[in-house]
Amino acid sequence: MVKALASCLFLVGLVTGLAAGFVFFAALSDWRSRGCPGAAQCSDAVSVMVLTACAILAAMIMIFAAIVFARR
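A brief report on the enclosed structure follows. (Residues numbered from 1 in each chain as written. Predicted model: local features only at pLDDT ≥ 70, side-chain atom pairs only at ≥ 80, totals over all residues. Heavy atoms only, no water.)

### As for the overall build of the protein chain
Put simply, the rule is: Numbered from the N terminus, helices here are DSSP runs of H or I no shorter than four residues, and strands are runs of E no shorter than two. In this description the radius of gyration comes from C-alpha coordinates, and the expected globular size is given by 2.2 Å times residues to the power 0.38. Exposure categories follow from relative accessible area, calculated using a 1.4 Å probe and restricted to protein chains: below 20% of the type maximum is buried, above 50% is exposed, and the middle band is partly exposed. Residue contacts are counted whenever heavy atoms from the two residues lie within 4.5 Å of one another. Here the open area of atoms and residues is found with the Shrake-Rupley method and a 1.4 Å probe, where only the protein chains shown may cover a residue.
Counting its regular elements, the protein chain contains two helices and zero strands. Compactness check: the protein chain gives a C-alpha radius of gyration of 16 Å against a globular reference of 11 Å for 72 residues, more than 25% above the reference. Dimensions of the protein chain, computed from C-alpha atoms along their principal axes, come out at roughly 55 × 15 × 10 Å. Buried residues in the protein chain amount to 17% of all 72 residues. Taking the contacts inside the protein chain whose residues are at least 6 apart along the sequence as the reference set, 74% of them involve residues at least 24 apart. When the accessible surface of the protein chain is split by element, carbon and sulfur atoms take 77% of a total near 5,100 Å².

Quick look at the structure:
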């Protein structure tokens, strides 16, 4: 049962991290291409980058938890 939980956590963490990485890269590219003349024009891209960084951190925690559960 614990091994199945570990496998599910690893898979969900991997997919979440991969999707968040692609979204982060798209937001970073958008932020770079605009040049950001004002704070209002870049707030959307920066907000997306902050949220996807949080998602990447959550994915890393899920993968770490999967490793811990797999060792039991």
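### Thoughts on a nonpolar patch on the surface
Just so we agree on the cut-off: Surface patches are drawn from residues lacking salt bridges whose relative accessible area is over 30%; two like charges belong together within 9 Å, two nonpolar side chains (Val, Leu, Ile, Met, Phe, Trp, Tyr) within 5 Å. Any carboxyl oxygen of Asp or Glu within 4 Å of a side-chain nitrogen of Lys or Arg constitutes a salt bridge here.
A contiguous nonpolar patch, built from Trp-31, Val-46 and Val-50 and spanning about 240 Å² of accessible area, is present on the exposed surface. Position of Val-46 relative to the elements: it lies in helix H2 (residues 39–70). Residue classification places Val-46 among the partly exposed residues on the basis of a relative accessible area of 35%.

### Thoughts on the environment of Leu-57
The residue Leu-57 is located in helix H2 in this model. In this structure the C-alpha to C-alpha distance between Leu-57 and Thr-16, which are 41 residues apart in sequence, comes to 10.0 Å.

### With respect to the side chain of Thr-52
Inspection of the secondary structure puts Thr-52 in helix H2. Residue contacts for Thr-52: discarding those within four places in its chain leaves Ala-20, Val-23 and Phe-24.

### Structural notes on the environment of Ala-70
Checked against the element boundaries, Ala-70 lands in helix H2. Residue Ala-70 is classed as partly exposed on the basis of its relative accessible area of 34%. Not counting residues up to four positions away in its chain, the partners in contact with Ala-70 are Lys-3 and Ala-6.

### Examining the environment of Val-68
Tracing the backbone through its elements, the reader meets Val-68 in helix H2. On the basis of relative accessible area, Val-68 is assigned to the partly exposed category, the value being 33%. Between the C-alpha atom of Val-68 and that of Val-2, which follows or precedes it by 66 residues, the distance is 10.0 Å.

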